[in-house]
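Summary of the model geometry
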Amino acid sequence: QAYNCLIHFYKRTLTRIMTEISMLPQEMIGKVFDYLSWPELGRAMMVCRSWREVGEQPARWREFQFVVTEKNFGDTDVIKKTLESERFSLVRHLILQVRLWRLEERIKSESDWLRQVRIMREIFRIVWRHPHTESMNILSFGDWYMDPEEMLVIPPKLKSLKVSKYNNLSEEQVQALFSGMKKQDALTDLEMIGQDFSEVDPDTLAVVNNFKYVNISDSYLNFDQIQAVFSLLAQKSKLKELTISARTFRHLDITGMNAVNLAVSVNKLQSLRLNCFTMTRDQLETVLRQVLLKSSLKKLVIGIPSDQYEEITEEVPEELMCEVWEKLDVFELDFDTVYIDY
């Protein structure tokens, strides 16, 4: 009997407390909700209608990372309605992470495959056209599901685009992306790893100078493209940080670039990581001397081919390298090995 009385008292007390909390102004409840994690917020919204109304406010979910996986992609209408719902209408961060081998398990016939392609292409279209997207991370989606025609138009508010090496974009898709980037002025961060840029027009690829942070490492590039990027960098560029490395059977030879122009370009950056390129001793020394004369650099990492390291560095004055090391926050001359593509 005592136990039953205690339970009854607890229920009455809890009900009174919850009633009092629910009577708080929605603005105050909203401030409390600001401290909750996404799972906690979801559970709080199930307590009562008033809390759900506060939790559903689109601005509250703006920073939520909306992830499309093989588990939730099956119904295009569901994804479309979810992104257009009040809660997610203003969401800014989208991630595509579909484990393709899981999808292949579902394919039993050619009709299954055609249906799969149709659904995935529609999902990409829905996600790519979301009007409030500011960052998109394509971790794994399957390049054959990305329509180049869609990629010609970059989301208008997109500031950050990442495409991982698990997406082997076709020449047409890469061309479409860079063509679209030339027409969009909001993008600041670009990371495309392990892609083949070799057929992109050099002047089109040089559009990376419109961004602040660029990582196009482990990618297929050619001399004309590198020269176009650094030539424009020397003239007019917004670039602050650049990571660039060539993915070839041998190191990409940039010894034909003018040493002074290269030095001026490099020193307009704040951070540069340059790997898998063959350069001359004169180019390296000119870059380092420019660091001491006039430079915005804070971080400089250069990967020198291991078989050329001594030849390139041995005649560079040790005092020069010490002075550069003292001036920069980070200065490294790394050994680089040739990437072998089987």
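Before reading further, recall that the structure is shown in the block above.
Residues numbered from 1 in each chain as written. Predicted model: local features only at pLDDT ≥ 70, side-chain atom pairs only at ≥ 80, totals over all residues. Heavy atoms only, no water.

Side note on helix α5 (residues 76-84)
In an α-helix there are 3.6 residues to a turn, and that puts residues three or four apart on one side. Applied cut-off: Only protein chains enter the accessibility calculation, which uses a 1.4 Å probe; a residue is then buried when its area is under 20% of its type maximum, exposed when over 50%, and partly exposed in between. Secondary structure follows DSSP: runs of H or I at least 4 residues long count as helices, runs of E at least 2 residues long count as strands, and numbering of each begins at the N terminus. Arc definition: directions from the helix axis to the C-beta atoms.
Along α5, the residues that are buried comprise Thr76, Ile79 and Leu83. Taken end-on, α5 shows its buried residues confined to a sector of 65°, consistent with a single buried face. Residues Lys81 and Glu84 are exposed on α5 and point more than 90 degrees away from its buried face.

Some words on a positive patch on the surface
Basically, it comes down to this: Patches in this entry comprise residues that are over 30% relatively accessible and not in a salt bridge; like charges within 9 Å are linked, as are nonpolar side chains (Val, Leu, Ile, Met, Phe, Trp, Tyr) within 5 Å. Accessible surface area values rest on a Shrake-Rupley calculation with a 1.4 Å probe, where residue burial reflects the displayed protein chains alone. Here, a salt bridge means any side-chain nitrogen of Lys or Arg that lies within 4 Å of a carboxyl oxygen of Asp or Glu. Charge convention: Lys and Arg are scored as positive, Asp and Glu as negative, and His as well as the terminal groups of each chain are ignored. Where a charge lies is defined by one atom per residue type: Lys uses NZ, Arg uses CZ, Asp uses CG and Glu uses CD.
A grouping of Lys212, Lys236, Lys238 and Lys240 is seen on the molecular surface, where their side chains present a positively charged patch. Here lysine 236 lies in the loop between α11 (223-235) and β7 (241-246). You can call lysine 236 exposed: its relative accessible area is 69%.

Side note on the pairing of strand β5 (residues 189-192)
Heads up, the rule is: Being paired, for any two strands, means DSSP has found at least two bridges between them.
The alternating pattern of β5 places Leu190 and Met192 on a buried face and Asp189 and Glu191 on a face that is not buried. Summarising the sheet, β5 and strand β6 (residues 213-219) pair through 3 bridges and their orientation is parallel. By the bridge assignment for β6, leucine 190 is matched with valine 214.

Some points on the packing of α11 against helix α12 (residues 259-266)
Filter applied, for reference: Interaxial angles span 0 to 180 degrees and are taken between N-to-C directions of axes, which are lines fitted to C-alpha atoms, for helices over the stretch in contact. The cut-offs work like this: below 35 degrees is roughly parallel, past 145 is roughly antiparallel, 65 to 115 is roughly perpendicular, and the gaps in between are oblique. Crossings are sorted by hand: turned counterclockwise from the far helix by less than a right angle, the near helix makes the crossing left-handed, and turned clockwise it makes it right-handed. Pairs of residues are marked as contacts when any of their non-hydrogen atoms sit within 4.5 Å. Gly is placed with the polar residues, together with every amino acid not listed as nonpolar (Ala, Val, Leu, Ile, Met, Phe, Trp, Tyr, Cys and Pro) or charged (Asp, Glu, Lys and Arg).
Put simply, α11 and α12 touch, their axes get as near as 8 Å, and they point 65° apart. Relative to α12, α11 is oriented roughly perpendicular. The hand of the α11/α12 crossing is left-handed. Taken together, the residues of α12 that come into contact with α11 (itself represented by Phe230, Leu233 and Ala234) are Leu262, Val264, Ser265 and Val266. Here the residues of the contact of α11 with α12 sort into 6 nonpolar, 1 polar and no charged.

Focus: the side chain of serine 245
With respect to the helices and strands, the residue serine 245 is situated in strand β7. Judged by its relative accessible area of 8%, serine 245 is buried. Excluding residues that lie within four positions of it along the chain, serine 245 makes contacts with Ile216, Ser217, Asp218, Ser219, Leu221, Asn275 and Phe277.

So, the nonpolar core
Our working definition: In these notes, a set of buried Ala, Val, Leu, Ile, Met, Phe, Trp, Tyr and Cys residues joined through side-chain atoms within 4.5 Å is what counts as a nonpolar core.
Core analysis: the largest hydrophobic core is formed by 90 residues, its most contacted members being Phe141, Leu161, Phe178, Met181 and Leu300. Top element by residues in this core is helix α7 (residues 110-128). It accounts for 8 residues. Every residue in contact with phenylalanine 178, bar those within four places of it in the chain, is listed here: Leu190, Met192, Phe197, Thr204, Leu205, Val207 and Val208.

Things to note about the environment of leucine 83
Residue position: leucine 83 is located in helix α5. Relative accessible area serves as the criterion here: at 4%, leucine 83 is assigned to the buried category. When near neighbours in sequence (up to four residues on either side) are disregarded, leucine 83 contacts Phe66, Phe88, Ser89, Val91, Leu94, Ile126, Val127 and His130.

Re a negative patch on the surface
A surface patch of like charges, here negative, comprises Glu149, Glu171, Glu172, Asp196 and Glu199. With respect to the helices and strands, the residue aspartate 196 is situated in the loop between β5 and α10 (202-205).

Details of the packing of α12 against helix α13 (residues 281-293)
With their axes 8 Å apart at the nearest point, α12 and α13 run at an angle of 40° to one another. In terms of orientation, α12 lies oblique with respect to α13. Judged by the twist between their axes, the crossing of α12 over α13 is right-handed. Contact residues: α12 offers Ala259, Val260, Leu262, Ala263, Val264 and Val266, while α13 offers Asp282, Gln283, Thr286, Val287 and Gln290. Of the residues in the contact of α12 with α13, the class split is 7 nonpolar, 3 polar and 1 charged.

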